[in-house]
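Remarks on the overall topology
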Amino acid sequence: QHRHISSGINAEYGGHFLEGCGDFAYNYDRKHAYLGYGFRSEKRSLETVKENLDFTGTELHPLHLVSDKCYHLDTAMLNLSQGHALVFTPAFDKESLDLIKEVNGEGNIIEISEEDCVQNFVPNAIPVHSGDKHYIVGMAFSPELRKRLESLGYEIIIVPYQEFLKSGGSIRCSVLDIGI
């Protein structure tokens, strides 16, 4: 929006800005999904998405991003395969943060540091679930966060991706989630 980028939603559905997957995330069981808005996507695009895409069985929630450190939802929050959510709480307004806690369960919220959010780009990691194994593929994690995640049963896989940060994104920005 600030860079005057047109999206498919904008072009076809009345001028609403939605910058795609960067501002969209399912929770672990796909019963809930989040649409981030504030910097690059507009809240009114939520209604456009609901009217034009089939979300049967999934409740769609808007989340207001308020920190300029987090321009997309995938730079502020990561839903994990066992129901946990990694959240940089300063990125959200109070109403959105309360909604995240209500939907995911307050005990499943893992608050991450500014270092893990801004420098390590942890919310832009990829959670992978295979059988009884739960992985998080990311560029970097603080020792404290890594220890906490491992204690919850997640295996951390580090992929050197620092060069890609020059584009403004990390691992999630270079994959296509096809729901396997």
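Here, the structure is the one placed above.
Nothing here was measured: the structure is a model prediction, and the numbers come from that model.

Definitions and limits used
- Residues numbered from 1 in each chain as written.
- Predicted model: local features only at pLDDT ≥ 70, side-chain atom pairs only at ≥ 80, totals over all residues.
- Heavy atoms only, no water.
- Helix = DSSP H or I, 4+ residues; strand = E, 2+ residues; numbered from the N terminus.
- Rg over C-alpha atoms; globule rule 2.2 N^0.38 Å.
- Buried < 20%, exposed > 50% of the residue type's maximum accessible area, 1.4 Å probe, protein only.
- Contact = heavy atoms within 4.5 Å.
- Areas by Shrake-Rupley, 256 points an atom, 1.4 Å probe, with all protein chains shown as cover.
- Core = buried A, V, L, I, M, F, W, Y, C linked by side-chain atoms within 4.5 Å.
- Pairing = 2+ DSSP bridges.
- Polar contact = N/O pair within 3.5 Å; in protein donor to acceptor, adjacent residues only side chain to side chain.
- Phe/Tyr/Trp six-rings, centres within 6.5 Å; stacked < 30°, edge-to-face > 60°.
- Lys NZ or Arg CZ within 6 Å of the ring centre and 35° of its normal.

The next subject is the overall build of the protein chain. Along its length, the protein chain carries five helices and nine strands. Overall, the protein chain shows an N-to-C arrangement of helices and strands of α-β-β-α-β-β-β-α-β-α-β-β-α-β. Against the 2.2 N^0.38 benchmark of 16 Å for 180 residues, the protein chain shows a C-alpha radius of gyration of 16 Å, consistent with a compact globule. By principal-axis analysis of the C-alpha atoms, the protein chain measures approximately 45 × 35 × 35 Å. The buried share of the protein chain, taken over its 180 residues, is 48%. For the protein chain, contacts bridging at least 24 residues in sequence account for 59% of all contacts bridging at least 6. With an accessible surface of roughly 9500 Å², the protein chain has 51% of that area assigned to carbon and sulfur atoms.

All right, on to the nonpolar core then. By size, the foremost hydrophobic cluster in this structure holds 32 residues, and its most contacted members are Met-77, Leu-86, Phe-92, Ile-136 and Leu-149. When contributions to this core are tallied by element, the ones reaching two or more residues are β4 (77-79), β5 (85-87), α3 (94-104), β6 (109-111), α5 (143-151) and β9 (154-158). No other element matches α3, which puts four residues into this core. Beyond its immediate chain neighbours, meaning those up to four positions away, Ile-136 contacts Leu-78, Leu-80, Ala-125, Ile-126, Pro-127, Phe-141, Leu-149, Tyr-154, Glu-155, Ile-156 and Ile-157. With seven residues, the next largest nonpolar core counts Leu-35, Val-49, Phe-55 and Leu-60 among its residues.

Turning our eyes to something else, we now look at the pairing of strand β7 (residues 126-130). Where β7 and strand β8 (residues 133-138) come together, five bridges link them in antiparallel fashion. Counted as the bridge partner of Ser-130 is Lys-133 from β8. The loop that links β7 with its antiparallel partner β8 comprises two residues; one of these, Gly-131, has a positive phi angle of about 65°.

Within the secondary structure, Asn-104 sits in helix α3. A distance of 2.5 Å separates a polar atom in the side chain of Asn-104 from a polar atom in the side chain of Tyr-34. Apart from residues lying up to four places away in sequence, Asn-104 is in contact with Asn-27, Tyr-34, Met-77, Asn-79, Gly-83, Ala-85 and Ile-109.

If you walk through the whole model with that rule in mind, you get two aromatic pairs. Between Phe-24 and Tyr-26, the ring centres sit 5.1 Å apart and the planes meet at 90°, which makes this aromatic pair edge-to-face. Each ring, one from Phe-24 and one from Phe-55, has its centre 5.8 Å from the other, and the planes form 45°; the classification is tilted. Placement of the pair is Phe-24 in strand β1 (residues 24-26) and Phe-55 in the loop between α2 (45-52) and β3 (59-64), with a sequence separation of 31 residues. Note on Phe-24: relative accessible area 22%, which makes it partly exposed. Take Phe-55: its relative accessible area is 16%, and that puts it in the buried class. A network of ring pairs unites the aromatic residues Phe-24, Tyr-26 and Phe-55 as a single cluster. In this arrangement the basic side chain of Arg-30 is found over the ring face of Tyr-26, its NZ or CZ atom lying 4.2 Å from the centre.

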